[in-house]
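The chain contents come next:
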Amino acid sequence: MVGIKTASLGIDIGTTSTKLVVAGINNLNQCDGSSNNADAQRVGTAQNSIFIDFNAEQKYQQPKNSEDSFTSENLDTRSEQCPQSIISALASCIEKAMANYSNQLKDSLQKISICGQMHGVILWCKGTKILRTVDGGYELHGTVSNLITWQDQRCSANFLSSLPASAGPISAGYGCASILWLQKNRPEYLSQFDFAGTISDFVVSMMSDLPEVMMSHQNAASWGYFDISSCSWQTDVLEEAGFPTSLLPKLVSVGTEVGRTVGSVLGLPDDIPVYVAAGDSQCSVLSTQFDSHQAVLNIGTSCQLSFLPSSKSFMESTHIQSWPYKATKPLCVVASMNGGNALASFTRMLKSWLQELDVEVSEDTIWSKLSSMTVLESADTNNSVIINPHLLKERATSTPETGASVTNILSHNISLPSVYQQLCVGLIRNIHEMCPAAYLLDNSISEIICTGSVFIRQPFMLSAVEQVYKNLKVSVSKTEINAAFGSILMTEEE
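Residues numbered from 1 in each chain as written. Predicted model: local features only at pLDDT ≥ 70, side-chain atom pairs only at ≥ 80, totals over all residues. Heavy atoms only, no water.

A. Representation of the overall build of the protein chain within the structure. Per the secondary structure count, the protein chain includes 16 helices and 26 strands. Burial analysis of the protein chain (494 residues in total) assigns 54% to the buried set. Put simply, 72% of the contacts in the protein chain that link residues at least 6 apart link residues at least 24 apart. In the structure as shown, the protein chain presents an accessible area of about 21100 Å², 48% of it carried by carbon and sulfur atoms. (Helix = DSSP H or I, 4+ residues; strand = E, 2+ residues; numbered from the N terminus. Buried < 20%, exposed > 50% of the residue type's maximum accessible area, 1.4 Å probe, protein only. Contact = heavy atoms within 4.5 Å. Areas by Shrake-Rupley, 256 points an atom, 1.4 Å probe, with all protein chains shown as cover.)

Right under this line is the structure:
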């Protein structure tokens with residue numbers, strides 16, 4: 001780790017994989033600019049130069065449900081993940097980092113920051129720990145539920161309408177809504193648990209063996225029943241609804257040190273400061289170092305368009321929400337449920353069709369072929385298929401749950417490149433309907449910075465943004481690990 005005075009570990013616990021970065025931190029007065037990575041992404045703060053020196057990613061095993069799942073009926077509406085697969089992926093990333101530095105990282109590591117998929121909820125009992133197995137892996141010991149993710153749809157429109165009013169948005173897949181659903185449908189199952197949090201809150205608790213769950217305002221807002229103006233839970237409202245408020249985490253500001261590593265958990269050295277988990281969307285945005293004239297379009301599994309509020313009211317659109325950001329700063333966010341998950345569904349559909357024809361092709365091969373297809377020159381929507389990619393119903397809409405659709409099918413416009421590229425255009429058109437280019441321009445935003453794994457792996461998506469947001473400058477971030485890096489920046493003083 002030549003040239004690195006201190007190092008930070010940033011972790012992003014995503015929906016399909018866990019990403020990790022090791023960032024070197026050099027005092028600007030002492031920085032010699034050296035790094036193990038010649039192409040290191042580098043940002044400057046008031047006092048330090050921070051750069052990515054190493055990164056790793058580990059995809060999850062196929063998510064599976066425990067025998068004692070949240071519900072046994074209507075499985076199509078359920079989206080759960082096995083927490084053990086997430087812990088195993090995290091342990092693999094940490095092992096790679098330690099091996100890369102021949103364990104020298106243990107001597108220079110100064111802090112650990114974490115972000116992850118928002119909205120979801122995992123429940124666990126006192127005494128739950130991550131222990132090393134005889135084969136060198138790491139395993140959860142204790143009573144732990146599956147992670148019920150942000151994509152979960154078991155909270156129907158009727159159920160949500162029966163809930164008391166929330167100070168902020170509330171929707172299917174939000175932590176408080178999911179717990180209220182359990183309280184109504186599985187009260188005995190719910191009553192066994194002592195703690196609840198997002199998956200990143202859970203990891204922070206396990207790393208530090210915390211006696212209570214600590215949650216940032218960013219993650220709290222993603223659960224619902226959080227008042228952003230007072231930065232507090234709507235405890236009275238939840239108690240009236242029968243919510244077990246003992247499960248509500250303690251709230252702290254983002255950038256707060258909440259504990260220190262203990263017991264060499266996950267192969268980490270002891271006594272390293274661990275910070276409260278932040279939201280992955282906010283961390284992705286922060287890593288771009290954007291300004292008030294730029295919006296950040298992040299497409300991973302889902303899709304978010306974010307920007308800083310102008311002097312004008314951002315509540316002109318029902319799709320634009322105010323999310324906690326850094327310190328007292330809010331962030332305007334337009335969040336779509338449909339992003340890379342729609343592309344993944346399209347890929348799985350192609351694989352299934354090919355199997356029906358006795359052709360075996362891996363999903364990775366299909367992804368590679370799609371990403372290398374020639375960009376079509378014609379952008380004439382009159383002659384293209386029109387794809388509405390609503391595989392998941394958008395939260396801030398009263399539109400009936402009709403699902404995705406394909407229209408304007410003609411004999412000459414149904415080639416695979418054409419259909420795939422119009423799927424990309426459809427995803428961007430969907431976010432544009434929520435937040436048009438004219439609205440951004442009216443709020444002094446002249447550029448969109450594109451970030452997230454989809455833009456790196458599927459080059460046409462950038463062309464789709466340029467096509468739909470044609471009156472704005474469009475640029476792309478060059479790294480896939482923005483959220484993990486951003487989690488480190490969240491802990492830095494401004």
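Still more ground to cover, so stick around.
B. Seen up close, the pairing of strand 20 (residues 303-307). Of all 5 residues that make up strand 20, 5 are buried, and the element is covered over most of its length. Of the two faces of strand 20, the one carrying C303, L305 and F307 and the one carrying Q304 and S306 are both buried. Of the pairings in the sheet, the one linking strand 19 (residues 294-299) to strand 20 comprises 4 bridges and is antiparallel in character. If you follow N298 over to strand 20, its bridge partner there is Q304. (Pairing = 2+ DSSP bridges.)

C. Just the pattern of salt bridges, in detail. For the structure on display, the rule yields 9 salt bridges. Across the pair K19 and E57 runs a salt bridge whose closest N-O atoms are separated by 3.8 Å. Linking K19 in strand 2 (residues 17-27) with E57 in strand 4 (residues 48-59), this pair joins segments that are 38 residues apart in sequence. Residue R154 pairs with E80 through a salt bridge whose shortest N-O separation is 3.2 Å. Here the residue R154 occupies a position in the loop between strand 10 (147-148) and helix 3 (157-161), and E80 occupies one in strand 5 (residues 80-81), the gap between them amounting to 74 residues. (Salt bridge = Lys/Arg side-chain N within 4 Å of Asp/Glu carboxyl O.)

D. Structural detail: the packing of helix 1 (residues 83-100) against helix 6 (residues 199-208). With their axes 12 Å apart at the nearest point, helix 1 and helix 6 run at an angle of 60° to one another. As the angle between them shows, helix 1 and helix 6 are arranged oblique. Between helix 1 and helix 6 lies a crossing of right-handed hand. Of the residues in helix 6, those touching helix 1 at I86, I87 and L90 are I199, F202, V203 and M207. Looking at the contact of helix 1 with helix 6, its residues break down into 7 nonpolar, no polar and no charged. (Axes fitted to C-alpha atoms, helices over the stretch in contact; angles between N-to-C directions. Parallel < 35°, antiparallel > 145°, perpendicular 65-115°, else oblique. Left-handed = near helix turned anticlockwise from the far one by under 90°. Nonpolar A, V, L, I, M, F, W, Y, C, P; charged D, E, K, R; others polar.)

E. Region of the structure containing the sheet that holds strand 26 (residues 473-476). The 6 strands are arranged 21-22-20-19-25-26 in an open sheet whose pairing can be described as mixed. The open sheet has two edge strands with one neighbour each: strand 21 (320-324) and strand 26. Ignoring which end each strand starts from, the neighbouring axes of this sheet average 30° apart. Relative to strand 22 (residues 330-336), strand 20 runs antiparallel, the two being bridged by 5 bridges. Looking at the pairing, Q304 lines up with A335 of strand 22.

F. Fine view of a nonpolar patch on the surface. A surface patch of nonpolar side chains, about 280 Å² in accessible area, is lined by V406, I409 and I414. Mapped onto the elements of the fold, V406 is located in strand 24 (residues 405-407). (Patch = residues over 30% accessible without salt bridge, like charges linked within 9 Å, V, L, I, M, F, W, Y side chains within 5 Å.)

G. Expanded view of helix 9 (residues 280-287). The element helix 9 is largely enclosed, with a buried count of 7 among its 8 residues. If you check which residues of helix 9 are buried, you get S281, Q282, C283, S284, V285, L286 and S287. At the C-terminal side of helix 9, Q289 shows a positive phi close to 55°.

H. Molecular detail of the side chain of T198. On the secondary structure map, T198 appears in the loop between strand 11 (195-197) and helix 6. You can call T198 buried: its relative accessible area is 0%. A polar side-chain atom of T198 sits 3.1 Å from a polar atom in the side chain of S200. There is a polar contact of 2.8 Å between the side chain of T198 and the side chain of D201. For T198, the contacting residues outside a window of four places in its chain are Q117, G120, I122, M215, N219 and W223. (Polar contact = N/O pair within 3.5 Å; in protein donor to acceptor, adjacent residues only side chain to side chain.)

I. Seen up close, helix 4 (residues 175-185). Of all the 11 residues making up helix 4, 8 are buried; the element is thus mostly covered by neighbouring parts of the structure. Turning to helix 4, its buried residues are G175, C176, A177, S178, I179, L180, W181 and L182.

J. Quick peek at the confidence of the model for the protein chain. Residues of the protein chain with pLDDT of at least 70 account for 85%, and the chain-wide mean is 86. The low-confidence segment residues 27-40 (pLDDT under 50) makes 32 contacts with residues lying over four places distant or belonging to another chain. Within the model, the stretch residues 63-68 combines pLDDT values under 50 with 12 contacts to residues more than four positions away or in other chains. (pLDDT = per-residue confidence, 0-100.)

K. Spatial organisation of the nonpolar core. In this structure, I11, L20, V22, I112, M207 and L266 are the most contacted members of the largest nonpolar core, which totals 48 residues. Element by element, the count of residues in this core is highest for helix 1, at 9 residues. Of all hydrophobic cores here, the second largest spans 44 residues; its members include M373, I387, I445 and L472. (Core = buried A, V, L, I, M, F, W, Y, C linked by side-chain atoms within 4.5 Å.)

L. Main features of the packing of aromatic side chains. The tally for this structure, following the rule as stated, stands at 9 aromatic pairs. Relative to W233, the ring of W223 has its centre 6.0 Å away and its plane inclined at 40°; by these criteria the two rings are tilted. In this pair, W223 is assigned in helix 7 (residues 217-223) and W233 in strand 14 (residues 232-233), connecting sequence segments 10 residues apart. As far as the burial class goes, W223 and W233 line up, both buried. Put simply, the rings of W124, F195 and F202 pair up and form one aromatic cluster. Positioned above the aromatic ring of W181, the side-chain terminus of R154 is 5.5 Å from the ring centre. Above the plane of the ring of Y189 lies R186, whose end atom (NZ or CZ) is 4.6 Å from the centre. (Phe/Tyr/Trp six-rings, centres within 6.5 Å; stacked < 30°, edge-to-face > 60°. Lys NZ or Arg CZ within 6 Å of the ring centre and 35° of its normal.)

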